[in-house]
Amino acid sequence: MIGRIGSIYRAAAAAALLFTSLLPAASAGPRIDPAGDQRAFQAYFERAFPGVALDDFANGPYAVNKEMRKQWEEIMQFPPYDFALDDGKRLFEAPFKNGKSYADCFPDRGIGIRQSYPYFDLRSGEVVTLDLAINRCREQNGEKPLPYEVGDMAAIDAYMASTSRGKPFDIRIPDDPRALAAYENGKKFFYERRGQLNFSCASCHVQAAGRRMRGDILAPALGMLASFPIYRSDWGSMGTVDRRFVSCNEQVRSLPLKPEDEAYRDLEYFLSYMSNGVAIAGPGTRP
Amino acid sequence: MPSTIRVRAVAHGESTEVQSLIQHPMDSGFVKDKEGKLIPPHYIEVVSFECNGKTVFTAFWGPAVSKDPYLKFSFKGGRKGDELKISWTDNEGKSDSIAAKIL
Amino acid sequence: MSRAVSSVSGEVSAGRRLVLHALGLGGMAALAVAAGLVPPARAAEEAPAWPKNAFAQKDQAHALDALYGKTLEASDKVSLDVPEIAENGAVVPVSVTTSLPNVTSISVLIPENPYTLAASYRLPEGTEPSVSCRLKMAKTSDVVVVVESAGKLYGAKKQVKVTLGGCGG
């Protein structure tokens, strides 16, 4: 396996040499320019995958590999996340013990809002993801927080995403030094090399995007969170963004962080902002 | 408990297309759990589909059928509004059934 | 009724099948019914039973023998749609369809899996000879489909490459 990862690594290194000028540089000098980064990021993927429509990037590996796409279309005839979607609707609509419900915690009663998460909360000065907001809502209403990554949390995410399908990611970065710092922190996490294999997220999902690694086709980073939560055959169950971040950290043998760790939230903020304009397609299915 | 069976049956003229998805682990008996112990085989053996009192399809499955198994087939003689009954039994003797209207 | 019994010996309950085999009458259950050896009323009531013995076989020849008691001939009238490379061995979409007449059953075998027979479908009259399902593949293997048409077996096969194992199956 290391051998094969090695060859991806070499390919990634070669691609990196070719495209350095197009890539948002990790060390972007003193000026933090999210809008400029986003333009460069999206332009890179448009060039790397001509013919793939912006919204199609939500479909990860299926956007860039025909053979996989055909299997996916067959699986989508009756997607395995259907059970979670129904559970999620039931959970979302069930009142808390105090009579209130999730709808009372969210704008537009929680319907059709997935595309605006994560957002930067100017009051608390931090990035708030949908999952964190779901648990804060529970706590405000005297309920225990849900475990992250799987189960009920993934089911509620699935339902909330389904009500937002077709709405483009619309992540805002307020002109506030704390928000810009969170963005920059997420960006750094994405481009920083780590783990025994010394890979960054970008090594696989930018430079080597669309290539095969073992049985997988590496998803392009553009739009990569738009289909979450996902039912992954490899897991045999649903998983949230946290679950995927943790498992990708493990891929490179680096110690994963705790779900909803500030660094993961900043990373999700960065990645979602890079994908502004890509329509929400979740829940999704993946190999 | 919500049903373990999801079904879509749609009449197109003469023929009714049936798609179903069943929530079931379909454990093969070859997979180990986190403690390294084999998870015993647990899978659906028989699924039957009946329409208007007549069996229209029977599936015999072994442990190689995927988790949350999916099926698609078509039969003649069903009409919009007719009832399709689906039932399964697994190797542990558990079972479930549901009746759905043809759309 | 007699069609249901004659089409697949595995449909006869396991105990009875053993007896019939012992008598050398494995494929002749219909004759047994006709000759009054099996009370027809009982045979009609009995829902087809899960073919336990066939699912326990570890190679194609034995699985086919246990399931049908017949051998297979290749046919270009059987078409099989499987991916060349499975995105995940745990979920391989398989679709079978055929233009052969009087199809009474369709079975799918995966010779490289621990047990060869993956699924076997019974199609009463009026059911179209085509089925789609999702199967597990432990490793790269042929997928073999068998169509029983007018009492004969026809087959087709295609290889599916598996890189991520479906963890047995």
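Residues numbered from 1 in each chain as written. Chains lettered and ligands numbered in written order. Predicted model: local features only at pLDDT ≥ 70, side-chain atom pairs only at ≥ 80, totals over all residues. Heavy atoms only, no water.

**Some details on the overall build of chain A**
Looking only at helices and strands, chain A features eleven helices and seven strands. The burial tally for chain A puts 58% of its 287 residues in the buried class. For chain A, the proportion of contacts with a sequence separation of at least 24, taken over those separated by at least 6, is 71%. Summed over its atoms, the accessible surface of chain A is roughly 12,100 Å², and 53% of this surface lies on carbon and sulfur atoms. (Helix = DSSP H or I, 4+ residues; strand = E, 2+ residues; numbered from the N terminus. Buried < 20%, exposed > 50% of the residue type's maximum accessible area, 1.4 Å probe, protein only. Contact = heavy atoms within 4.5 Å. Areas by Shrake-Rupley, 256 points an atom, 1.4 Å probe, with all protein chains shown as cover.)

**Overview of the pattern of salt bridges**
All names here are of chain A. Applying the stated criterion across every chain yields a total of 24 salt bridges over all chains. The salt bridge partner of E143 is K97, with a shortest N-O separation of 3.5 Å. Within this pair, whereas E143 is found in the loop between α6 (130-140) and α7 (151-162), its partner K97 is found in the loop between α5 (82-93) and β1 (119-121), the two being separated by 46 residues in sequence. With a shortest N-O distance of 2.9 Å, R172 and D170 are connected by a salt bridge. Accessibility expressed as a relative area gives 58% for R172, which makes it exposed. One continuous salt-bridge network, built from bridges that share partners, spans D56, R69 and E73. (Salt bridge = Lys/Arg side-chain N within 4 Å of Asp/Glu carboxyl O.)

**Considering the interface of chain C and chain A**
Quite often, the size of an interface is put as the accessible area lost when its parts meet. Contacts between the two partners involve 13 residues from chain C and, on the opposite side, 17 residues from chain A. Interface of chain C and chain A: buried area, both sides summed, is about 1,400 Å²; carbon and sulfur atoms make up 46% of it. One can count one salt bridge joining chain C with chain A. Between chain C and chain A we count nine residue pairs in polar contact (both at pLDDT 80 or more) in total. (Buried area = accessible area lost by both parts, 1.4 Å probe. Polar contact = N/O pair within 3.5 Å; in protein donor to acceptor, adjacent residues only side chain to side chain.)

**A look at the packing of helix α10 (residues 241-251) of chain A against helix α11 (residues 262-274) of chain A**
Residues and elements named next belong to chain A. Closest axis-to-axis distance for the α10/α11 pair is 11 Å, and the angle between their directions is 105°. Taken as axis vectors, α10 and α11 run roughly perpendicular relative to one another. Two secondary-structure elements touch here, α10 through V241, D242, F245, V246 and N249 and α11 through Y264, L267, E268 and L271. A class-by-class count of the residues in the contact of α10 with α11 yields six nonpolar, one polar and two charged. (Axes fitted to C-alpha atoms, helices over the stretch in contact; angles between N-to-C directions. Parallel < 35°, antiparallel > 145°, perpendicular 65-115°, else oblique. Nonpolar A, V, L, I, M, F, W, Y, C, P; charged D, E, K, R; others polar.)

**Regarding the sheet that holds strand β2 (residues 78-81) of chain C**
Judged by pairing direction, the sheet is antiparallel, and its six strands sit side by side in the order β1(B)-β2(B)-β5(B)-β7(C)-β4(C)-β2(C) without closing on themselves. Here the strands that pair on one side only, and so sit at the sheet edges, are β1 (5-12) of chain B together with β2 of chain C. In this sheet, neighbouring strand axes are inclined to one another by 15° on average, regardless of whether the strands run parallel or antiparallel. Bridge count between β2 of chain C and strand β4 (residues 92-98) of chain C: four bridges; the pairing is antiparallel. For D81 of chain C, the partnering residue across the bridge sits in β4 of chain C and is S95 of chain C. (Pairing = 2+ DSSP bridges.)

**Concerning the packing of aromatic side chains**
On inspection of all chains with the given rule, the structure shows 29 aromatic pairs over all chains. Ring geometry for Y43 of chain B against W50 of chain C: centres 6.1 Å apart, planes inclined by 45°, an arrangement best described as tilted. Separated into two different chains, Y43 of chain B in the loop between β2 (15-22) and β3 (44-51) and W50 of chain C in the loop between α4 (40-45) and α5 (52-55) make up a pair that spans both. Here Y43 of chain B matches W50 of chain C in class, with each residue buried. A cation over a ring is seen here: R232 of chain A above W235 of chain A, with NZ or CZ 5.2 Å from the ring centre. (Phe/Tyr/Trp six-rings, centres within 6.5 Å; stacked < 30°, edge-to-face > 60°. Lys NZ or Arg CZ within 6 Å of the ring centre and 35° of its normal.)

**Topic: the state of the cysteines**
Residues and elements named next belong to chain A. Counting across every chain of the model gives one disulfide over all chains. Linked covalently through their sulfurs, C105 and C137 form a disulfide whose S-S length is 2.1 Å. On the S-S bond that ties C105 to C137, the torsion sits near 70°, and the link is right-handed. Residue C105 is found in the loop between α5 and β1, and its partner C137 is found in helix α6; the two are separated by 32 residues along the sequence. You can call C105 partly exposed: its relative accessible area is 29%. Among the residues examined, C137 registers a relative accessible area of 1% and is labelled buried. (Disulfide = S-S within 2.5 Å.)

**Focus: the domain arrangement of chain A**
Residue and element names in this part refer to chain A. Taken domain by domain, chain A comprises domain 1 (2-78 + 174-286) and domain 2 (84-162). Together, the buried faces of domain 1 and domain 2 total about 2,000 Å²; carbon and sulfur atoms form 66% of this surface. For the pair domain 1 and domain 2, the interface holds one salt bridge. Among the ionic pairs, E126 bridges to R265, the shortest N-O distance being 2.9 Å. (Domains from an automatic or database assignment.)

**Some thoughts on the interface of chain C and chain B**
On the chain B side, the residues contacting the 33 residues of chain C number 31 residues. Here chain C is connected to chain B by one salt bridge. With its nearest N and O atoms 3.8 Å apart, the salt bridge here joins E128 of chain C to K76 of chain B. The interface formed by chain C and chain B contains 18 residue pairs in polar contact (both at pLDDT 80 or more). Among the elements of the structure, β6 (117-122) and β7 (130-135) of chain C are those that each provide at least two residues to the side of chain C that touches chain B. Ranked by residue count, the leading element in the side of chain C that touches chain B is β7 of chain C, at six residues. Grouping the amino acids of the side of chain C that touches chain B by side-chain chemistry returns 19 nonpolar, eight polar and six charged. Across two bridges, strand β5 (residues 70-76) of chain B lies against β7 of chain C in antiparallel orientation. Bridging across to β7 of chain C, K72 of chain B finds its partner in S132 of chain C.

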